[in-house]
Amino acid sequence: MTFSQGVDNEIGVYYLISADDRNGQAASATNEQLQAGIEQLNKDFSILNISFVLLDKIYLTNDDVAGINDGSWDDDNEEQVRPFFRYGALNIVVADLDGKNGHAYWNYEATDTIEVEPEDLGTSTISHEFGHNLGLLHTYQSIDDGSITLLEGVNGWQYGDKVIDTAVDPGKRSYYNHCNYTASAVDNSGNTYHPDGFNIMGKGQNTCRNSFTAEQVKRMQRILLTDKFHLLNTFNSLNNPTCINTAIHTDQNLTEGFNYNEVAQLNSWRQDSYQDDFNWKYYNYTNSSSTGASSPQEGHTFLHIDASHELLSANDNINLISPCFTFTAASSAQLTFYYSMYGADIGSLTMEVTLDNGVSWQSLWHKSGQQHTSGSSWSLVTITLDEYITAPFQLRFSGQVIGGDKGDISLDNISVTASQLPVQEQVIDITIKEQLAVELDVSVYFEALLISATVDSEIAVSINNGEYAINCQADAYTTETLKLSDGDTLCLRHTSSVNYQEQVTTVLILAEQSFNFNSTTIVEPVVAPEPVALSEPVTIPETVTAPEPLTIPVPVTTPITVAITTPVPTPVPVAENTAETVEQQSSGGVIIWLLLLSSMLLTTRHRQSKLLRSV
């Protein structure tokens, strides 16, 4: 990652040099030594694409800071130098220290200051101390956390210097010939150390150390972006990032897990270093027992307030400021985050919003006092931001301490998300007419439906209880949700009902508007009376001639001729428009006719010597 916010990514340097008087009489460092310090910083931190330039030299006497020019100044008194620190620059205190080559404030102590002995200005000591100020630990840090294989394994971010690509250092200067490791020390498991004596954060000689690992660089980049943005002249003024002097975040999602092992985003959450004397601290656990989160909610590290730190006092606020957001094309937005408030001395946590670049802040959410009973508990909070999305806004977490060691408040996994407005606005000129008297249980089509719309680009289309084909492709009917463009055509189809005079409805959804395509089956036809059909014709013996009308011989002198005709039933009133009634009348006439025919045939049988078979 390359920094591109400041002018040439320069960091200004103020030297605070011990001397006999304010004019630099008998100063502890020469101009050559001071310049060597600037050159050493430029050489060692070129990998971060940053540079250093001398802004000014300030000479401090014993009248300014007690004992600073006595030749053995105790850096425990470093807070006495604070009135001379300059915000927005790296302050380097140069004095004869009490048995140390150098000393540094940590990044979470919100102080851009290191201390270096004069003779070590032109060595890696000055870069080693600024490495601490950017969040790096010694490569020999806490080697008793476990074996080499543990500290250098995939979970090495939890142990030692918490950087997984640095070799574990046994931590003794006598093991080195300058920066070459010459010992054969082993850990408690019998594993042999193989340290990098040239790592600037290691135990090699300060005159030959010259490198950082990739993961160390990644961590320092994060701190420069989030804790020390002001060093890079980011905003060209001594203030916090606002919607006036920063890029406005317009993407739909910004999630921050505060993980040291991840590359920081250029436009991300930042510490309120301008107003606070202490920052939220990156770590994978809290230092004090019985307070704070015991592990991250996600990832490798999280943020917490170290309430037991000497730089914190009761009622101090520690702020964390978001980028500037605006979501003019969104319909809604929300903030989610996880917090842990475990400990007997928990103060309060507030989420705030500003619409006037930090002049005033409005509270959106607030909790005070202990909220959890163990360090393993995290709570999720969701806050709606809908009313702020049309104007640039910023968010701020403000944690307040009330005093006491058990007041660590933890934050993790913060996300701001926005939901975009649908691109379609209105679909017009859609006419779907109902289809009547269609056949039963067949496919019914509505073709060449032209889509005309007022939209930005494409139209979402879906269908219920039917199918459609874009531009009427015969083999492309589907029920899937697809996209249409203005001017496309649709063909719709569904299967008609299996019942008479029943409607089937297909719902077409365009740009969240619904259109119905209906079909109704034919009306059930009136059933006319059907003639009686004999299953087979009447069989007449060959010796008998069947006359017309039918003549049946009987044992009398005068033959009887019977003509079979269909009797006309008595008219019965018909119920209006009732097909069932018509069917009942027709059936009644057939029954009367059959009974009459049956009676006549039975009578004839008694008069014949040979039976005829009737149907």
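Residues numbered from 1 in each chain as written. Predicted model: local features only at pLDDT ≥ 70, side-chain atom pairs only at ≥ 80, totals over all residues. Heavy atoms only, no water.

J.: So, the sheet that holds strand 29 (residues 503-510): which residues are in play, and what are the values?
T.: Reading across the sheet, the 5 strands line up as 22-30-29-25-27 and stay open at both edges, with mixed pairing between neighbours. This sheet does not close on itself; its edge strands, each paired only once, are strand 22 (435-438) and strand 27 (482-485). Ignoring which end each strand starts from, the neighbouring axes of this sheet average 30° apart. (Pairing = 2+ DSSP bridges. Helix = DSSP H or I, 4+ residues; strand = E, 2+ residues; numbered from the N terminus. Axes fitted to C-alpha atoms, helices over the stretch in contact; angles between N-to-C directions.)

J.: Pulling in residues and values, what's your account of the side chain of Q394?
T.: Take Q394: it is sitting in strand 19 (residues 394-400). A polar side-chain atom of Q394 sits 3.1 Å from the main-chain carbonyl oxygen of P241. Here S322 takes part through its backbone oxygen, which lies 3.0 Å from a polar atom of the side chain of Q394. In contact with Q394, other than residues within four places in its own chain, are P241, T242, C243, I321, S322, P323, C324, E352, V353, T354 and W361. (Polar contact = N/O pair within 3.5 Å; in protein donor to acceptor, adjacent residues only side chain to side chain. Contact = heavy atoms within 4.5 Å.)

J.: Run through the packing of aromatic side chains, naming residues and quoting values.
T.: Aromatic ring pairs: the centre-centre distance and the angle between the two ring planes describe each pair. One pass over the structure, following the stated rule, counts 25 aromatic pairs. Geometrically, the ring pair formed by F45 and F212 is tilted, given 5.4 Å between the ring centres and 40° between the ring planes. Of this pair, F45 sits in the loop between helix 1 (31-44) and strand 2 (51-60) while F212 sits in the loop between strand 7 (180-181) and helix 4 (214-226), and the two are 167 residues apart along the sequence. Of the two residues examined, F45 and F212, each falls in the buried class. (Phe/Tyr/Trp six-rings, centres within 6.5 Å; stacked < 30°, edge-to-face > 60°. Buried < 20%, exposed > 50% of the residue type's maximum accessible area, 1.4 Å probe, protein only.)

J.: Any chance you could break down the confidence of the model for the protein for me, citing the residues and the numbers?
T.: Overall, the predicted model of the protein reaches an average pLDDT of 84, with 82% of residues at or above 70. In this model, residues 1-7 is a region of pLDDT below 50 whose contacts with residues beyond four sequence positions or in other chains number 23 contacts. (pLDDT = per-residue confidence, 0-100.)

J.: Residue-level account of the pairing of strand 2, with values.
T.: On any regular strand, side chains alternate: one points to one face of the sheet, the next to the other face. Taken together, the 9 bridges between strand 1 (residues 10-18) and strand 2 define a ladder with parallel strand orientation. Considered in strand 2, the bridge of I17 is made with Y59. Note that the unit made of strand 1, helix 1 and strand 2 has a crossover that is right-handed. (Right-handed = clockwise from strand over helix to strand, strands pointing away.)

J.: Explain the layout of surface pockets to me, and be specific about the residues and the numbers.
T.: Any empty space left between the atoms is revealed when a probe the size of a water molecule rolls over them. Its volume calculated, the second largest pocket comes out at about 420 Å³. Lining of the second largest pocket is provided by 20 residues; of these, G102, H128, E129, H138 and Y140 occupy positions nearest its centre. Going through the elements one at a time, strand 4 (102-104) and helix 2 (125-133) are the ones with two or more residues in the lining of the second largest pocket. At 4 residues, the largest contribution of residues to the lining of the second largest pocket is made by helix 2. Each residue belonging to the lining of the second largest pocket can be placed in one class, and the counts come to 4 nonpolar, 11 polar and 5 charged. (1 Å grid on protein atoms, 1.4 Å probe; cavity = no way out; pocket = protein on both sides within 12 Å on 5 of 7 lines; lining within 4 Å. Points joined across faces, edges and corners; volume = space filled by probe spheres on them. Nonpolar A, V, L, I, M, F, W, Y, C, P; charged D, E, K, R; others polar.)

J.: Describe the state of the cysteines, with residues and values.
T.: This structure, assessed with the given rule, holds 3 disulfides. Sulfur-sulfur distance for the disulfide between C243 and C324 comes to 1.8 Å. Taking the torsion about the sulfur-sulfur bond, which here is approximately 100°, the covalent link between C243 and C324 counts as right-handed. Of this pair, C243 sits in the loop between helix 4 and strand 8 (248-249) while C324 is found in strand 14 (residues 324-325), placing the two residues 81 residues apart along the sequence. Here C243 and C324 have matching classes, each one buried. (Disulfide = S-S within 2.5 Å.)

J.: I'd like a rundown of the side chain of H494, residues and numbers included.
T.: Structurally, H494 can be placed in strand 28 (residues 489-495). For H494, a relative accessible area of 6% puts it in the buried group. There is a polar contact of 2.7 Å between the side chain of H494 and the side chain of S519. Discounting residues that sit within four places of it in the chain, H494 has contacts with V442, S443, V444, N465, G466, V504, T506, F517, N518 and S519.

J.: Describe in detail empty space enclosed by the protein, supporting the description with residues and values.
T.: Enumeration according to the criterion identifies 3 cavities of 30 Å³ or more in this entry. Taken as a whole, the largest cavity encloses approximately 120 Å³ of empty space. Among the residues forming the lining of the largest cavity, the class breakdown is 4 nonpolar, 3 polar and 3 charged.

J.: Describe the sheet that holds strand 1, listing the residues and the values that go with them.
T.: A sheet is described by the order of its strands in space; here 5 strands give the open sequence 2-1-3-5-4, paired in mixed fashion. Where the open sheet ends on each side, the last strands, each with one partner, are strand 2 and strand 4. Shown here is a sheet whose adjacent strand axes are inclined to one another by a mean of 20°, direction ignored. Of the strand pairs in this sheet, strand 4 and strand 5 (residues 113-116) are connected by 3 bridges, and their pairing is antiparallel.

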